[in-house]
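Spelled out from the first residue to the last, the chains are:
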Number of protein chains: 2
Amino acid sequence: MHQSILKALVEIAGEGNVSQSEADREQHSRDQSAHAAHLPEVVVWPGSTEEVSRILQLAYEYKIPVTGWGAGSSLEGNPIPVHGGIVLDFRRMNRILAVHEADFQVTVEAGVLYKDMNRYLSRFGLFFAPDPGANASIGGMIANNAAGIRTVKYGATRDNVLALTVVLANGRILRTGSRSVKQSSGYDLTHLFTGSEGTLGLITEATLKLAPIPTHISAATAVFPTVQKAAKAVFHLIGSGLQPSALELLDKSSIRILNTSTDLNLPEAPTLLMEFNSATTESLRTELALVEEICQGFECSNFQSGLGMKARNQLWTARHHLFEAMVRYFPGCTWLVTDVAVPISQYPELVAFAAELLPKLNLDGGLVGHAGDGNLHVTVFYPPDDQTAVTNAAYLNEQLVNKAIALDGTSTGEHGVGLGKKQFMVQEHGETAVTLMRQIKHLLDPHNILNPGKIF
Amino acid sequence: MHQSILKALVEIAGEGNVSQSEADREQHSRDQSAHAAHLPEVVVWPGSTEEVSRILQLAYEYKIPVTGWGAGSSLEGNPIPVHGGIVLDFRRMNRILAVHEADFQVTVEAGVLYKDMNRYLSRFGLFFAPDPGANASIGGMIANNAAGIRTVKYGATRDNVLALTVVLANGRILRTGSRSVKQSSGYDLTHLFTGSEGTLGLITEATLKLAPIPTHISAATAVFPTVQKAAKAVFHLIGSGLQPSALELLDKSSIRILNTSTDLNLPEAPTLLMEFNSATTESLRTELALVEEICQGFECSNFQSGLGMKARNQLWTARHHLFEAMVRYFPGCTWLVTDVAVPISQYPELVAFAAELLPKLNLDGGLVGHAGDGNLHVTVFYPPDDQTAVTNAAYLNEQLVNKAIALDGTSTGEHGVGLGKKQFMVQEHGETAVTLMRQIKHLLDPHNILNPGKIF
């Protein structure tokens, strides 16, 4: 990168906020996936929307790739700067600009971290519900349309974004949406940028919908003889009209690994982890009785439930650390996380398919699902130099995507396309849709400088 | 229109499905608004997505305007063929293609009418929740991102669309989305077309999210001394965490008119009409007690509530007929319906502003609001040749839009831009956003044949 560009970046962002050090470049070269790292040429920490705008004007003029960076917690290579160039790390832009308490809304800068924001919001009795597990940045969550264990009740990030500030490739600053929950004025630009993975513009601010922190909470676990039976129970739980605020499926291996890193001592068998919120303790009890009855119908051998925050928190802390526990459990291994999602009626078939395929391929790992949404992650671990395992893991991913698409589902429920799902875009959406997406990309980013190499 | 084009249209859609009769053209020249009618040159009733595709190929080649037509129930001139050309009436495309009962989803053709679809779905215990009042077509609801009295709980149409089939300007058939409730794969084309008012493509099929018909229902009415106090009660009802499935505000004039056309005999004063669903009768009673307590805090003089479907249905049937009752009440008059929406915290200020402005302008009409969403309709009636009233009505509309935008709201919560809100687009969204919308329009419809003259 030419010295004059670097000098201009320093002029815009300030002396300490531009780095070409090996350590900084290395830190911004990989996410939580096993996709190959790639170093950016320079890392910049902008301090405002205006600085982002000036940096993009520069990048636009000199056709330099620019990739946004939140917390680096994505799982499909989404922020890896595969064409080098500039990484814009939003860490400094982490201010909470306004809490619209009475409207259950908050306006924040894109770099604020999900958990930090929710910690701050708890004093207002409010929280941002999509829970990706990782302490992702809000900008990253919007860019990836992230989701998680609470999406079954509260929706994905997409369902909870009202307005955005976005810097376009040419540096122009765009504002989309409004704070009105009802909006029918013009094209839905807010949702065009949500899930666009930094390829159409860089999100610098957002207004989000919040939810009141529930007061009456219960947690429940149900153990089943097979994942197939557990998946069928999920289908019936959802079909009964129950509205769990979380409904997670873990297979036997996942539970075994969870037990090694926690003191939960769960029975080592396929298990559903559930949470319910309700208006009263009484209605919680009624719900839990129905949940237990449905689970018994699918040979549930162990049903436990408890009321209150403590039981709930213990369960979800463990669940959120499962991925890290898995990484520790398979030292020296690399991994692949699949992310298919299907309509809930097709979930038992998807789970059965995965459960039968996994042992055939001789891969270690486990099935974990945001079951209430029909979303299934199969995570497999293998030594990076084991070519058979590498091939088998790719085959597993491909087979699961094929199956999910055949079942009216999607190749990615929440991790985004990034690098890992590009090859399935035409299969999933058809030539016409992908052509239109490419045209939109070209319209908004004619020099292909925004996170190039992703989605397409 | 050249005879060869008409002949080609007949070849595509069949003999009885192409008309140039005065009556058919007249019927497709106006919606429910008072925007000036404009005759199309020809009306075509296509029978399939393929026929729509062939018609658009023809129109694209000869640069003929094409405007989609559902039920003609929109309120902002959205389907008026102001550039003439072809109106495509989707009435024949009214099939329910698949009920995905276990997934709470339905796939339909765009021409099916909302009420007909819900009548059919009731046998499955399911319904499509966005309730626009009118018996709109599903295609029209999606094109306008329609909403209504149940949006406060279930969201607008946008929140309940999973997948679309869309015919593009050049006749290509596009499929967007999937039946998975979680989708993070590529750009969100589904929501780009939702609310695009037929200007980017013509929606021919849709897969919708449904909700289970609630079993425990209550209805309540609360009477207040002023609309301002009623609006404050709304703000506190929502802020308390209650989740009404409907929360409507009617002013004194609206109630008076409602009484002339129903046997409800409501007290002639500002009134909230509410509905609640709950898991049990017991929790309904608890909720209603809280609702009453909040209303009493704002000098509610008359609170009535009843459990069960009958009380509920009587209320909403009357509410849905209010507009027609108003039209009958002001014979020979034309009308203007405003449609601004603001964050709920700003609703009391918006309502107070409207209530003070209306009498100053010497206009007859009433305030009606989907209050739980912050959406306010002021409907005024006046003789079409009364120039002062025409000017004052336009002034009222403009003042309300200015006020709503100043309060972080929108010029249109649910009626869309159509003809009536074009002038406010830049004010609401800014030059950058409107330029981007125009670029997207040009990308998808380079010859400007799709519903030309709308939005911009």
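These numbers come from a predicted model, not from an experiment.

Undergrad: Tell me about the packing of helix α1 (residues 3–13) of chain A against helix α3 (residues 49–62) of chain A, and please be specific about residues and values.
TA: Residues and elements named next belong to chain A. For the pair α1 and α3, interaxial distance at closest approach is 9 Å and the crossing angle is 165 degrees. On the basis of their axis angle, the class for α1 and α3 is roughly antiparallel. Classified by chirality, the crossing of α3 by α1 is right-handed. Two secondary-structure elements touch here, α1 through Ile5, Ala8, Leu9, Ile12 and Ala13 and α3 through Glu51, Arg54, Ile55, Leu58 and Tyr62. When its residues are assigned to classes, the contact of α1 with α3 shows eight nonpolar, no polar and two charged.

Undergrad: For the pairing of strand β10 (residues 202–209) of chain A, give the residues involved together with the corresponding values.
TA: All names here are of chain A. Among the eight residues in β10, seven count as buried, and that is most of the element. Relative to β10, strand β6 (residues 105–109) runs antiparallel, the two being bridged by five bridges. Bridging from a neighbouring strand, Val108 pairs with Ala206 of β10. Pairing geometry for strand β8 (residues 161–167) and β10, over six bridges, is antiparallel. Pairing of Leu164 across the sheet is with Ala206, part of β10.

Undergrad: Give a description of the pattern of salt bridges that names residues and reports values.
TA: Summed over all chains, the structure comprises 32 salt bridges over all chains. Here Glu275 of chain A ties to Arg150 of chain A by a salt bridge, and the two come within 3.1 Å at their closest N and O atoms. Taken together, the positions of Glu275 of chain A in strand β14 (residues 271–278) and Arg150 of chain A in the loop between α5 (138–144) and α6 (151–154) put the pair 125 residues apart, joining distant regions of the chain. Like Glu275 of chain A, the residue Arg150 of chain A is buried in the burial classification. Members of the salt-bridge network, linked through shared partners, are Asp103 and Arg179 of chain A together with Asp408 of chain B.

Undergrad: Report on the relation of the copies chain A and chain B, specifying residues and quantitative values.
TA: Once chain A has been moved 0.0 Å along the axis and rotated by 180 degrees, it coincides with chain B to within an RMSD of 0.0 Å. When the rotation and shift are considered jointly, the pair of chain copies conforms to a two-fold rotation axis. Comparing contact sets, 100% of the residues at the interface of chain A also lie at the interface in chain B, consistent with an isologous, same-surface contact.

Undergrad: Describe the confidence of the model for chain A, with residues and values.
TA: Per-residue confidence for chain A gives a mean pLDDT of 95; residues scoring 70 or more make up 100%. Two numbers describe this predicted complex: its pTM, 0.96, and its ipTM, 0.96.

Undergrad: So what about the sheet that holds strand β8 (residues 161–167) of chain B? Which residues, and what values?
TA: Residues and elements named next belong to chain B. With respect to topology, five strands assemble into an open sheet ordered β5-β6-β10-β8-β9, the strand pairing being antiparallel. One side of each edge strand has no neighbouring strand; the edge strands of this open sheet are β5 (96–100) and β9 (173–177). When the angles between neighbouring strand axes are averaged without regard to direction, this sheet yields 10 degrees. Direction of pairing for β8 relative to β9: antiparallel, over a ladder of five bridges. Bridging across to β9, Val167 finds its partner in Ile173.

Reading the values: the criteria
Residues numbered from 1 in each chain as written. Chains lettered and ligands numbered in written order. Predicted model: local features only at pLDDT ≥ 70, side-chain atom pairs only at ≥ 80, totals over all residues. Heavy atoms only, no water. Axes fitted to C-alpha atoms, helices over the stretch in contact; angles between N-to-C directions. Helix = DSSP H or I, 4+ residues; strand = E, 2+ residues; numbered from the N terminus. Parallel < 35°, antiparallel > 145°, perpendicular 65-115°, else oblique. Left-handed = near helix turned anticlockwise from the far one by under 90°. Contact = heavy atoms within 4.5 Å. Nonpolar A, V, L, I, M, F, W, Y, C, P; charged D, E, K, R; others polar. Buried < 20%, exposed > 50% of the residue type's maximum accessible area, 1.4 Å probe, protein only. Pairing = 2+ DSSP bridges. Salt bridge = Lys/Arg side-chain N within 4 Å of Asp/Glu carboxyl O. Least-squares fit on C-alpha atoms with pLDDT ≥ 70 in both. pLDDT = per-residue confidence, 0-100.

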